Amino acid sequence: MLRFLFSRVIVLIPTFIGVSIIAFAFIRLLPGDPILLIAGERGLTEERYAELQAAYGFDRPIVVQYLDYLAGLLTGDFGESIVTKRAVLEEFFSRFPATLELSFCAIVFAALLGIPAGMLAAVKRGSIIDQSIMGTALVGFSMPIFWWGLLLIILFSGVLGWTPVSGRISFLYFFPPVTGFMLIDSALSGQEGAFRSAVSHLILPTIVLGTIPLAVIARQTRSAMLEVLGEDYVRTARAKGLPPWRVIGLHALRNALIPVVTTIGLQVGVLMAGAILTESIFSWPGIGKWMVDSVFRRDYTVVQGGLVLIATLIMLVNLGVDLLYGLINPRIRRN
Amino acid sequence: MVLGRTMKAALLGVSLAAIAAFGASAKTLVYCSEGSPEGFDTALYTAGTTFDASSRPLYNRLVEFVRGTTEVEPALAESWEISDDGLTYTFKLRPGVKFHSTDYFTPSRDFNADDVIFSFERQRNADNPYHQYVDGASWEYFNYMSMPSLIESIEKVDDMIVRFNLSRPEAPMIANLAMDFASILSKEYADQLEAAGNKQQFNQQPIGTGPFQFVAYQPDAVIRYKAFADYWKGKTQIDDLVFAITTDQAVRQQKLIAGECHVMPYPNPADVESMKANPDLQVMEQEGLNVGYLAYNTQQAPFDNAMVRKALNMAINKQAILDAVFQGAGQAAKNPLPPTMWSYNDDIEDDPYDPDAAKQMLADAGVSDLSINVWAMPVQRPYNPNARRMAELIQADFAAIGVEAEIVSYEWGEYLERSKALDRDGAVLLGWTGDNGDPDNFLALLGCDGVGGANRAQWCNEEFNALLLEAKTLGSQEERAALYKQAQEVFKREAPWATIAHSVVHMPMRANVTGYVMDPLGIHQFDGVDLTE
């Protein structure tokens, strides 16, 4: 197991360097200049422009700038945002819990609904249930997030008034963040109704962000189940006279779950992409929205730092999934 | 039936009790702001969103704009004197003004001259410990308003008198001091943070003399303020002010309708009518202090000929642009100044929309087979909500008089940079939003100094320029206005721009919001605002 872990970790090093180069190059390849954007219509004199270039270090050779940035990354110094002048790391971690909380709820929502739906579709293969589930999954997968979010807001918040429109908690509640996770903090605050408010604010964004992963998980579970249900050992189990729920729920599902777990792991990347839109619609103060704003402002330090941090997290999650995969399926870690 | 009635009564009782409890506890105004502030030390930044959240609620300036106007009134300075040569400004400070007292700072003294000097010195003096207290600190508005070369020195005459010595007479100086970058911050707080080695906090946990004091900020989510009980103008009517940061326009609207916020900025013009029809809402409107224009390159033939520029101006159907691009939230512009600005010359007649006459003028000027690039900005601005669409309409208008137009666009930073070039090919759509309510702030865009820079028309007209320079040296607003009116005549005759439109800004709010006044400079301010039942 240790060797397996080691082999996986070694792969991360070149990936990390690759990510750092891409992140650094990406924002600089986009046309635009943060200094000019800050100045806007008012503009800058040439001397002032040169002064600011020097102040931000943009006048140095690009390789020097990269090495400086890489050295910073390795020592945990991600620099300061050009726009807000605050440390990138501080900005990231003040927003990250919001994204993590939302992503976690979305993936739990997607798995809790997606796995049973996929199982049901597989067991009832070809039936109207199967077709409805798979049809809905296709619609869910193809849904433009922005449109879907607004639609839910207009229906549930606007017309029915069941859920709040946006934000993480009602402005009536105020307590300093302890963990940064609103569900936990609101429960800890002891303020009556705070936890309920936090939950009600989470419902719509969770559904919106969880929709695509839900569709993917349902489809993946269905196909994995179908494959497993045709295996000899399932037929044997049935022939032994085991009750159907034991055959499906225990023998078949356990093996079918292996590709599903991988799929869930891969959805982390999808969630990050979805979080960008979901957070924008629901005014959710997470890193997705922060990154989008920073790209528009050409805030070099934030974009490159943020990308590296997000990529590193995704790599770590995938490493975790690989390890989990090894736990579920011993053959993999032996190979 | 009886049970039903009892239940209804009980429910009503519960909800009334809830409202009463909420009402009695505090009056909270929630403003659905459009974005996060960059920080709370106003002078470091240039965005209106930051000013809304910092300078207006938290700080005061020596002089301030009267709410809803661009007139200047005394604020932290009770009065001031300007020397006859226009080089010395002496301010008598207001006594008894308190700084906010919070859990992170308790002031030991009232506001005085040291605070004024500190607030400006940190911006102009590179040796000031707060000049570079955050990485990349730059004082862009201070620089943009030419303060470094204008202010020669600032002296403390005594604790309550401060003198600014200028290097040249500058008529807009008082208006400049009402701008957000000129907010007055606490020197005592700054010194305390410096001693504690925690200068960064100055930008994150602000202390001012303003109507509201800072409580908490969660980035991208919410800013909380509470009324400052010892505010020198008296405590505001609302007790708590909350900025619920909501970047998406459609979501802001839903929040307003659902009652989750009381006031929202920047509605979609297409939705204004439906909001006006909603009995729970009211929609205020005001002409924005801005102008959207198309700047020709007057240094490139044949656009160096005023007759050609005039002809093109006459080909543009402004009404069609107002309908399609501004969706009614705009008015046609005939001058480079907006109509709400003093010295606006209303006697000037706009070039009529007359494609036939325009065609004839081009023929008279000996121009045929004319082609032009029309530059369309890639971003939305108050003075131009959809530059691409505007460019398409202008393209069609030009085609109608036989001028072939091609639309070009670049990323915003590139656009701003490339459009400055003297040899630029084509006419540029751009605009301006006023900084300080002074006509010079607009007209200077067409000054000779700006050629190759902010003057996108690359237009240097000696007559116009001389009028501008002279007006800057005069103390009397009346005399200045006369010169600016003349300058507008020169502008109209020479037509370096096609002036397109001034926007009309809408501000939807709940029906129970009273006392809100729209600001011509586009700032959102909540002192003086109240909530009724």
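A quick note: this is a predicted structure, and the numbers were derived from the prediction, not measured.

Novice: Would you mind going over the overall build of chain B in detail, with residue names and values included?
Specialist: Looking only at helices and strands, chain B has 18 helices and 19 strands in total. Its C-alpha atoms put chain B at 80 × 80 × 40 Å along the principal axes. Going through the 533 residues of chain B one by one, you find that 49% of them count as buried. Restricting the contact set of chain B to residue pairs at least 6 apart, pairs at least 24 apart contribute 70%.

Novice: Give me the overall build of chain A: which residues, what numbers.
Specialist: Of the regular secondary structure elements, chain A holds 14 helices and 0 strands. When the helices and strands of chain A are listed from N to C terminus, the series reads α-α-α-α-α-α-α-α-α-α-α-α-α-α. Seen through its principal axes, chain A has C-alpha atoms that stretch 85 × 55 × 40 Å. By residue count, 40% of the 335 residues in chain A fall in the buried class. For chain A, contacts bridging at least 24 residues in sequence account for 73% of all contacts bridging at least 6.

Novice: Tell me about the pairing of strand S4 (residues 77–82) of chain B, residues and numbers included.
Specialist: Where S4(B) and strand S5 (residues 88–93) of chain B come together, 5 bridges link them in antiparallel fashion. Bridge assignment links Glu81(B) to a residue of S5(B), and that residue is Thr90(B).

Novice: Lay out the nonpolar core with the relevant residues and their values.
Specialist: The biggest cluster of nonpolar side chains holds 220 residues, and the ones touching the most others in it are Ile217(A), Leu62(B), Leu294(B), Ala295(B), Val374(B) and Leu429(B). For this core, the domains that each give at least three residues are domain 1 (2–74) and domain 2 (94–330) of chain A. If near-sequence neighbours (up to four positions away) are discounted, Ala295(B) is found in contact with Ala427(B), Val428(B), Leu430(B), Arg456(B), Ala457(B), Pro496(B) and Trp497(B). Grouped together as the second largest cluster of nonpolar side chains are 6 residues, Met182(A), Ala194(A), Phe195(A) and Ala198(A) included.

Novice: Explain the domain arrangement of chain A to me, and be specific about the residues and the numbers.
Specialist: Residue and element names in this part refer to chain A. We note that the domain assignment places domain 1 (2–74) and domain 2 (94–330) within chain A. Relative placement of domain 1 and domain 2: their C-alpha centres are 32 Å apart. Listed as interface residues are 19 residues of domain 1 and, on the opposing side, 15 residues of domain 2. If you list the elements that add at least two residues to the side of domain 1 that touches domain 2, you get helix H1 (2–29), helix H2 (34–39) and helix H4 (62–74). The element that contributes the greatest number of residues to the side of domain 1 that touches domain 2 is H1, accounting for 12 residues. Of the residues assigned to the side of domain 1 that touches domain 2, the class counts are 13 nonpolar, 3 polar and 3 charged.

Novice: Go over the interface of chain B and chain A, please, and point to the residues and values.
Specialist: Many structure descriptions define interface size as the accessible area lost when the parts assemble. Chain B puts 45 residues into the contact, and the matching count from chain A is 43 residues. Of all the secondary-structure elements, those providing two or more residues to the side of chain B that touches chain A are strand S1 (28–31), helix H5 (140–144), strand S9 (222–227), strand S10 (240–244), helix H9 (249–257), helix H15 (412–418) and strand S16 (427–433) of chain B. Here the residues of the side of chain B that touches chain A are counted per class, giving 21 nonpolar, 13 polar and 11 charged.

Novice: Can you break down the packing of helix H9 (residues 194–229) of chain A against helix H11 (residues 244–281) of chain A residue by residue, with the values?
Specialist: All names here are of chain A. With their axes 8 Å apart at the nearest point, H9 and H11 run at an angle of 155° to one another. Overall, the two elements H9 and H11 adopt an arrangement that is roughly antiparallel. Relative to H11, H9 is oriented so that their crossing is right-handed. Across the contact of H9 with H11, the residue classes break down as 19 nonpolar, 7 polar and no charged.

Reading guide: rules and limits
- Residues numbered from 1 in each chain as written.
- Chains lettered and ligands numbered in written order.
- Predicted model: local features only at pLDDT ≥ 70, side-chain atom pairs only at ≥ 80, totals over all residues.
- Helix = DSSP H or I, 4+ residues; strand = E, 2+ residues; numbered from the N terminus.
- Buried ≥ 20, exposed ≤ 12 C-beta atoms within 10 Å, placed from the backbone.
- Contact = placed C-beta atoms within 7 Å.
- Pairing = 2+ DSSP bridges.
- Core = buried A, V, L, I, M, F, W, Y, C linked by C-beta atoms within 7 Å.
- Domains from an automatic or database assignment.
- Nonpolar A, V, L, I, M, F, W, Y, C, P; charged D, E, K, R; others polar.
- Axes fitted to C-alpha atoms, helices over the stretch in contact; angles between N-to-C directions.
- Parallel < 35°, antiparallel > 145°, perpendicular 65-115°, else oblique.
- Left-handed = near helix turned anticlockwise from the far one by under 90°.

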